[in-house]
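Survey of secondary and tertiary structure
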Amino acid sequence: MQKVTDFVSITPTATIAVQSHGWRAKCLQRLVRLQMPVPPTVALSFDAVRALAAGYPLDASALTDLLGPGQLICVRPSPENTEWGGPSAVLNIGMSEACHSALSETHGREAADALYLRFVQAYAVNVARLDPDMFESDMPTAQALRFALRAYEDETDEPFPQEAERQLADVLRSMSRAWEGTSARLLRQAKGAPAEAGLGLVVQAMALGLGQVESGSGVMQFVDSTTGKPRVTGRYLSQSQGREALARQEGSLYLTRDPRGPSLEELCPGPFDELIRLGAVSRQGLREEMQIEFTIENGHLHVLDALKVARTSRAAVTIAVALAEDGVIEREEALLRIQPRALSELLHPQVDPAGERDVIVKGIAASPGAAQGRIVFSAMAAQAMSARGEACILVRRETAPEDVRGMHAAKGILTERGGMTSHAAVIARGLGLPCVVGASSLRFNPRDRTLTAMDGRIFHEGDVITIDGTRGEALAGAPGLLEPALDDAFYSLLHWADAVRDIGVRANADTPDDARMARVFEAEGIGLCRTEHMFFEENRLTVMREMIFADRSEDRAEALDRLLPMQREDFIELFEIMDGHPVCIRLFDPPLHEFLPQTRDGMRELAEALDRPLSEVTRRVESMTEFNPMLGMRGVRLGIAMPEIYDMQVRAIFEATLEIGRRGKRVVPEIMIPLVSAQREVELVKARIDAVAALVQARMGVPLDFRLGVMVETPRAALRSGDLAQHSAFLSFGTNDLTQMTYGLSRDDAGRFMGTYVQQGVYPEDPFHRLDTEGVGELLLIGAERGKRVNPGLTISICGEHGGNPESISFCRAAGFDYVSCSPFRVPVARLTAAHLALERWRRR
């Protein structure tokens, strides 16, 4: 059988590639090219490893000849991607009785025993596949070595192999077969590796790290893994090998001078200074922040390996921006090195990864970030606690519109039910609140005001918990938090993104606080202002209910006249905050029953407030109940049946516009009609809006300019967009309702079976979470094409929950949409995503 000879010495000119020899082999070649003191190394290709796994013999003598005579050897895995893992490294190959005797003379008996013992243990476990517990011992090294050799012989019925070439061949074959095994294959596939991913192996002459003059091993990196700021960190351990310095804290030295203990800088100033120099060389030459694995042998420095520094998302941004600003990489590459979704972690506090996590329940990570506070079980309790200046976490079985004020007061939200598009998830993302939904293993007892965790622990109202919306977990107590990282590096990266992206990004903002947050994240305007959220404040809710209970148009108008100045002030504040950026205001949309109480106690309080009999209030609430309220009396239907509501709102918009004009700022408000399905609906609403505009202009003596548009949320509106475009300056696709109606799914209820549907391949993904580019997407394309055909100047956008998703932005950009609109906290993600898409051609260079 032909021997395997597909290996090559790692030299500056050797033919080595990541795709054929793996990342470690290529990295070592780059270190050699940078003239670092790397021990002689040989790389085995993916094909060679596959041949060894298939049983082909190794030409071990030819391989060892490349490393030089009498060398101890180590073998490390080299997959194509660092995250795909691989078999454990094996050190000190070539140790034998003869070698042990020689090393005892040169390095001392204790060092020779340690080297031999380490190899025997590794060989027994990784090659002979013996029980690792058999070789764990607290005995002195010399005694442990004798025991390990005897145990090996007892278990295998043969003495420990003494020939270096056989040892090397056995190790390489064992590592090759381990990679091809079923367990390893499944494990790396779970990490994103293709089923047939290859493995390379790196065979390197040992730098021992043990000796009579100062010897040891360590790792050093030059930036902080959490912040990305310059900082020398790592550990060094005398008389050690590999990464023992990190595993064994006892006896390890700091690297730089430290008042807490001795350091490598003091012990070995020469090698320390050389490591600092090599760190700068590797940063420039490898165009990355690297962690260097090194060994000192008898005072001489050897670089064994280099790894890309592990980093948090905030550190990744800091590092990428610093590399670009220093001219090490181009700005375009810095942008592409940061995954858009990673920015979410920078916008909110995060649980410190260095702290302990006492997980009490796991659910769906619905809104990122971390928050701590005392458990409350009602919106009223949340408001009361917030009024006392105490932080709280609102815990509900599931939230409803009447919980919105409590959600505003809370620091985080935890629900037993729900999915990514449930009420709690959508509102929390809009507010920037950490949120975990679908925590189904949680037992929630509102009567006793207790939570029972999945391990049986009981938590009462007032107990402190932490919500980790990034990982979808609730934690007991208050572990340490990292503050948001909205620093110069964050904004520099986004400004670079703005310079290359070619689609606009606006924010969905319903309140002045939302608008201020949109400005913090530099949105280009408001793409959706849902005005109904303004009416849930307590002083407005009573007036709103009076309007709902009014029997005559005149009485409704009287109640609405009391709301008019409140709405006007809302819009004035919004326009002030947005400072000339466009603001798209959606007219009133939800069914009126959402503003009415559903409990007996709530109805009694309403009867007292309105001075009406309880029986009358109860009858009216019951009469307004609809079998399917999301398809009932809402949106434009409400505006046509009760036109006084829209009259009040557009008058407030126009009066706010003129007031802002008097203050020296020009605003052209965008007024959007919701839930349209017919051209006549637009004509009727437009006629009344024009009439109100004429009335306000006549009264104020100042001309008004505004843009009228339609929110396309029904399949019919998408199909008849050509009709709607005749009377519209813009069409904005509301993909939440459009998805709901296209699929015939309730987004509030679909979470009960959506997991099963996705798991069984009915849908590739939850269509409320990721835009269905085939079905719903086709309606978007049809709507955009037919609308533009009638009105070439028509502005096309998307403002549903999908607006911040990378897949949706890609679709909208390809379809020629003008902008996407998403919750304020998703604006940075959308900006970077749009830049990535625009840089696709640059990425393929």
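Here the structure is a predicted model, which is why all the values come from computation and not from measurement.

So, about the packing of helix α4 (residues 60-67) against helix α8 (residues 164-180). When two helices pack together, their arrangement is captured by the angle between the axes and the distance separating the axes. Across the interface, α4 lies against α8 with an axial gap of 9 Å and an inter-helix angle of 105 degrees. By the criterion of interaxial angle, the relationship of α4 to α8 is roughly perpendicular. Residues Ala60, Ser61, Leu63 and Thr64 of α4 pack against Glu165, Leu168 and Leu172 of α8. Looking at the contact of α4 with α8, its residues break down into four nonpolar, two polar and one charged.

Another aspect to go through is helix α26 (residues 643-662). Taking 1.5 Å as the rise per residue, α26 with 20 residues should run 28 Å; its terminal C-alpha atoms sit 29 Å apart, in good agreement. By the criterion of burial, α26 is predominantly enclosed, with 17 of the 20 residues buried. Of the residues one or two after α26, Gly664 is the one with positive phi, at around 95 degrees.

Here we take up the nonpolar core. Judged by nonpolar contacts, the single largest core of 126 residues is most densely connected at Leu343 and Phe654. In this view, Leu343 contacts Val317, Ile338, Phe490, Leu493, Leu494, Pro828, Val829 and Leu832; residues no more than four positions away in its chain are not counted. Within the second largest apolar cluster, 57 residues are counted, among which are Leu67, Val90, Leu117 and Leu172.

With the rule as written, the count across this model stands at 17 aromatic pairs. An aromatic cluster is defined as three or more aromatic residues linked by ring pairs; in this entry it consists of Tyr116, Phe119, Tyr123, Tyr152 and Phe160. Geometry around Trp179 places Arg188 over its ring, the cationic atom sitting 4.0 Å from the centre. If you follow Arg506 out to its NZ or CZ, it ends over the ring of Tyr819, 4.0 Å from the centre.

In space, the eight strands of this closed barrel follow the order β23-β24-β25-β26-β27-β28-β29-β30, with parallel pairing throughout. The mean angle between the axes of side-by-side strands here comes to 25 degrees, regardless of whether they run parallel or antiparallel. Note: strand β29 (residues 795-798) against strand β30 (residues 819-822), two bridges, orientation parallel. Directly across from Ile798, in β30, lies its bridge partner Val820.

We now examine the UniProt feature "binding site: Mg(2+)" (unreviewed entry) in the chain. UniProt records the feature "binding site: Mg(2+)" (unreviewed entry) at Glu713 and Asp737, using the numbering of this structure. These residues run over 25 residues, yet every pair of their C-alpha atoms falls within 5.4 Å of each other. Beyond its immediate stretch of four places on either side in the chain, Glu713 contacts Arg586, Arg634, Pro674, Leu675, Gly734, Asp737, Leu738 and Met741. A distance of 2.7 Å separates a polar side-chain atom of Glu713 from the backbone nitrogen of Leu675. Along the chain, Asp737 falls in helix α30 (residues 735-743).

Now for the domain arrangement of the chain. Each domain of the chain was delimited in the assignment, giving domain 1 (7-205), domain 2 (216-311), domain 3 (349-482) and domain 4 (501-591 + 626-844). Taken together, the twelve residues of domain 3 in the interface contact 15 residues of domain 4. Both sides of the domain 3 and domain 4 interface together cover about 1,300 Å² of buried area, and 57% of this is carbon and sulfur. By the criterion of area lost to domain 4, the three top residues of domain 3 are Arg405, Thr421 and Arg429, representing 41% of everything that side buries. Our count for the domain 3 to domain 4 interface comes out at zero salt bridges. Across the domain 3-domain 4 interface, the total number found is one residue pair in polar contact (both at pLDDT 80 or more). With six residues, helix α18 (residues 423-431) is the single largest residue contributor to the side of domain 3 that touches domain 4. In terms of residue class, the side of domain 3 that touches domain 4 is made up of five nonpolar, five polar and two charged.

The next thing to look at is the pattern of salt bridges. The tally for this structure, following the rule as stated, stands at 68 salt bridges. Asp170 is paired through a salt bridge with Arg173; the nearest N and O atoms lie 3.7 Å apart. On the criterion of helical spacing, the pair formed by Asp170 and Arg173 is a turn pair, its members being three residues apart in helix α8. Taking the relative accessible area as the measure of exposure, Asp170 reaches 16% and is therefore buried. For Arg831, the salt bridge identified is with Asp498, shortest N-O distance 2.6 Å. Of this pair, Arg831 sits in helix α34 (residues 827-838) while Asp498 sits in helix α19 (residues 488-500); the two residues are 333 residues apart in sequence, bridging distant segments of the chain. Of the residues examined, Arg831 reaches a relative accessible area of 0% and is grouped as buried. Classification of Asp498 as partly exposed rests on a relative accessible area of 27%.

Cut-offs applied
Residues numbered from 1 in each chain as written. Predicted model: local features only at pLDDT ≥ 70, side-chain atom pairs only at ≥ 80, totals over all residues. Heavy atoms only, no water. Axes fitted to C-alpha atoms, helices over the stretch in contact; angles between N-to-C directions. Helix = DSSP H or I, 4+ residues; strand = E, 2+ residues; numbered from the N terminus. Parallel < 35°, antiparallel > 145°, perpendicular 65-115°, else oblique. Contact = heavy atoms within 4.5 Å. Nonpolar A, V, L, I, M, F, W, Y, C, P; charged D, E, K, R; others polar. Expected span 1.5 Å × (residues − 1). Buried < 20%, exposed > 50% of the residue type's maximum accessible area, 1.4 Å probe, protein only. Core = buried A, V, L, I, M, F, W, Y, C linked by side-chain atoms within 4.5 Å. Phe/Tyr/Trp six-rings, centres within 6.5 Å; stacked < 30°, edge-to-face > 60°. Lys NZ or Arg CZ within 6 Å of the ring centre and 35° of its normal. Pairing = 2+ DSSP bridges. UniProt positions renumbered as here; feature names shortened; annotations may be inferred. Polar contact = N/O pair within 3.5 Å; in protein donor to acceptor, adjacent residues only side chain to side chain. Domains from an automatic or database assignment. Buried area = accessible area lost by both parts, 1.4 Å probe. Salt bridge = Lys/Arg side-chain N within 4 Å of Asp/Glu carboxyl O.

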